[in-house]
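Descriptive structure summary
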Amino acid sequence: MAPTPEIPAEMANDEHLNKFWVKRHQLFSKIDEGIEMPDSCMWHMVTPEPNAIEHAKRFKGKKTVVDGFGGCGGNSIQLAKVVDKVYYVELNPKRLEAAKKNARIYGVEHKIEFILGDFLEVSKTLKADGVFLSPLWSTRVNNSYNDYVDFDIRNMEPIPGDTIFNAARKISKNVAFFMPVTTPFHQLSQLADAGEHVEFYNEPNPFEVGTAMALTAYYGDLAKKY
């Protein structure tokens, strides 16, 4: 068994980041095996592994999926376990290289095509059976999940949420949109086609049991019909 790594100095002195380190195995179960998080922003932004696993289940049976804002690869890794191919898109080259290494640790690197570029531009060249979206909600990266009061998808930074969604729907009608828990349902419903069913799912927060950390809206055949 590998020795338990020491907390990085920059995290030890940051109370907010220290919380993520203590529960780091919720982010990646293999985090002590060499998982890379190239910048402090990723500790805030990476989807916890239990949530990523649940997202991936919705795409089971599909051949290809786009992960539009790939980050360190947490969602792409889990998607690659259930589909034939994942198109990972990321604008930050350091995060892309980290995602490659992380996918290698999980044994799924060969099922992911890593694309460096802006999602809005790359989306024009892609077709797939589904799209997973976990974009940056705000450029104020130190916000906690609970800080997004009166959230408006049109004011997302640096790209408005409706712009992101419309680009994704040109790739596939089957979209999962990971958003702040305070996002108004009516805004997310208005993104759908007329008469289309949208499913909303409150994401359990692994850092604060009994609370929701985010809201995922499912469109197309990803939405469960009741």
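Heads up: the structure comes first, above all this text.
Residues numbered from 1 in each chain as written. Predicted model: local features only at pLDDT ≥ 70, side-chain atom pairs only at ≥ 80, totals over all residues. Heavy atoms only, no water.

1. A short note on the overall build of the chain
Along its length, the chain carries 9 helices and 7 strands. Structurally, the chain occupies a C-alpha span of about 55 × 40 × 35 Å along its principal axes. Going through the 226 residues of the chain one by one, you find that 51% of them count as buried. The long-range share in the chain, meaning contacts at least 24 apart out of those at least 6 apart in sequence, stands at 62%. For the chain, the exposed surface amounts to about 10,800 Å²; the carbon and sulfur share of it is 51%. Computed over 26 positive and 30 negative side-chain charges, the separation of the two mean positions in the chain equals 6 Å. (Helix = DSSP H or I, 4+ residues; strand = E, 2+ residues; numbered from the N terminus. Buried < 20%, exposed > 50% of the residue type's maximum accessible area, 1.4 Å probe, protein only. Contact = heavy atoms within 4.5 Å. Areas by Shrake-Rupley, 256 points an atom, 1.4 Å probe, with all protein chains shown as cover. Lys, Arg positive; Asp, Glu negative; His and termini not counted. Charge placed at Lys NZ, Arg CZ, Asp CG, Glu CD.)

2. What to know about helix H4 (residues 49–58)
Since there are 3.6 residues in each turn of an α-helix, residues three or four apart along the chain are aligned in direction. Three or more residues of H4 are buried, namely Glu-49, Asn-51, Ala-52, His-55, Ala-56 and Arg-58. Angular distribution of buried residues about the axis of H4 spans 160°; they occupy a single face of the element. Packing partners of the buried residues in H4 comprise helix H5 (74–80), strand E4 (131–133), strand E5 (175–179), strand E6 (199–204) and strand E7 (212–218). (Arc of directions from axis to C-beta.)

3. Describing unusual backbone geometry
Put simply, Glu-157 and Pro-158 share a cis peptide bond, and its omega is 5°. Its place among the elements puts Pro-158 in the loop between E4 and helix H8 (161–169).

4. Brief notes about the sheet that holds E4
Spatial strand order, E3-E2-E1-E4-E5-E7-E6: 7 strands in an open sheet with mixed pairing. Edge positions in the open sheet fall to strand E3 (112–116) and E6, since each of these has one partner strand only. In this sheet, adjacent strand axes meet at a mean angle of 20° when their direction is disregarded. When E4 meets E5, the two strands line up parallel, connected through 3 bridges. Opposite Leu-133, over in E5, you have Phe-177 as the bridge partner. Running over the sheet, helix H6 (residues 93–105) touches strand E2 (85–90) and E3 and is turned about 170° from E3. The strands touched by H8 are E4 and E5; relative to E5, the strand with the most contacts, the crossing angle is about 160°. (Pairing = 2+ DSSP bridges. Axes fitted to C-alpha atoms, helices over the stretch in contact; angles between N-to-C directions.)

5. Observations regarding the pattern of salt bridges
In this structure the tally under the stated criterion is 15 salt bridges. Arg-104 serves as the salt-bridge partner of Glu-109, at 2.9 Å between the closest nitrogen and oxygen. A residue is classified by how much of its surface remains accessible, and Glu-109, at 26% relative accessible area, is partly exposed. The structure contains a network of salt bridges with shared partners spanning Arg-169, Lys-173, Asp-193 and Glu-196. (Salt bridge = Lys/Arg side-chain N within 4 Å of Asp/Glu carboxyl O.)

6. Points about the environment of Leu-133
Secondary-structure assignment places Leu-133 in strand E4. Residue classification places Leu-133 among the buried positions, given a relative accessible area of 0%. Considering only alpha carbons, one finds Leu-133 and Phe-178, 45 residues apart in sequence, at a separation of 6.0 Å. Excluding its chain neighbours within four sequence positions, the residues that come into contact with Leu-133 are Phe-69, Phe-119, Ile-164, Phe-165, Ala-168, Val-175, Ala-176, Phe-177 and Phe-178.

7. Brief notes about the nonpolar core
Judged by nonpolar contacts, the single largest core of 68 residues is most densely connected at Phe-28, Trp-43, Val-66, Phe-119, Phe-177 and Tyr-219. Discounting chain neighbours no more than four positions away, the residues touching Trp-43 are Met-11, Leu-17, Phe-20, Trp-21, Arg-24, Leu-27, Ile-31 and Met-37. (Core = buried A, V, L, I, M, F, W, Y, C linked by side-chain atoms within 4.5 Å.)

8. A short note on the pairing of E5
For a regular strand, side-chain orientation follows a simple rule: the groups alternate between the two sheet faces. Most of E5 sits out of view: 5 of its 5 residues are buried. Sheet topology note: the E5/E7 ladder contains 4 bridges and is antiparallel. In the sheet register, Met-179 faces E7, and the bridge partner there is Leu-215.

9. Brief notes about the packing of aromatic side chains
Across all of its chains, the model carries 8 aromatic pairs by this definition. With centroids separated by 6.3 Å and ring planes inclined at 50°, the aromatic side chains of Phe-28 and Tyr-106 adopt a geometry described as tilted. Pair noted here: Phe-28 is in the loop between helix H2 (15–22) and helix H3 (40–45) and Tyr-106 is in the loop between H6 and E3, with a separation of 78 residues, a long-range link. An identical accessibility class is assigned to Phe-28 and Tyr-106; each is buried. Chaining the aromatic ring pairs together yields one cluster made of Phe-165, Phe-177 and Tyr-219. In this structure, Arg-24 is placed above the aromatic ring of Trp-21, and the distance from its NZ or CZ to the ring centre is 4.3 Å. (Phe/Tyr/Trp six-rings, centres within 6.5 Å; stacked < 30°, edge-to-face > 60°. Lys NZ or Arg CZ within 6 Å of the ring centre and 35° of its normal.)

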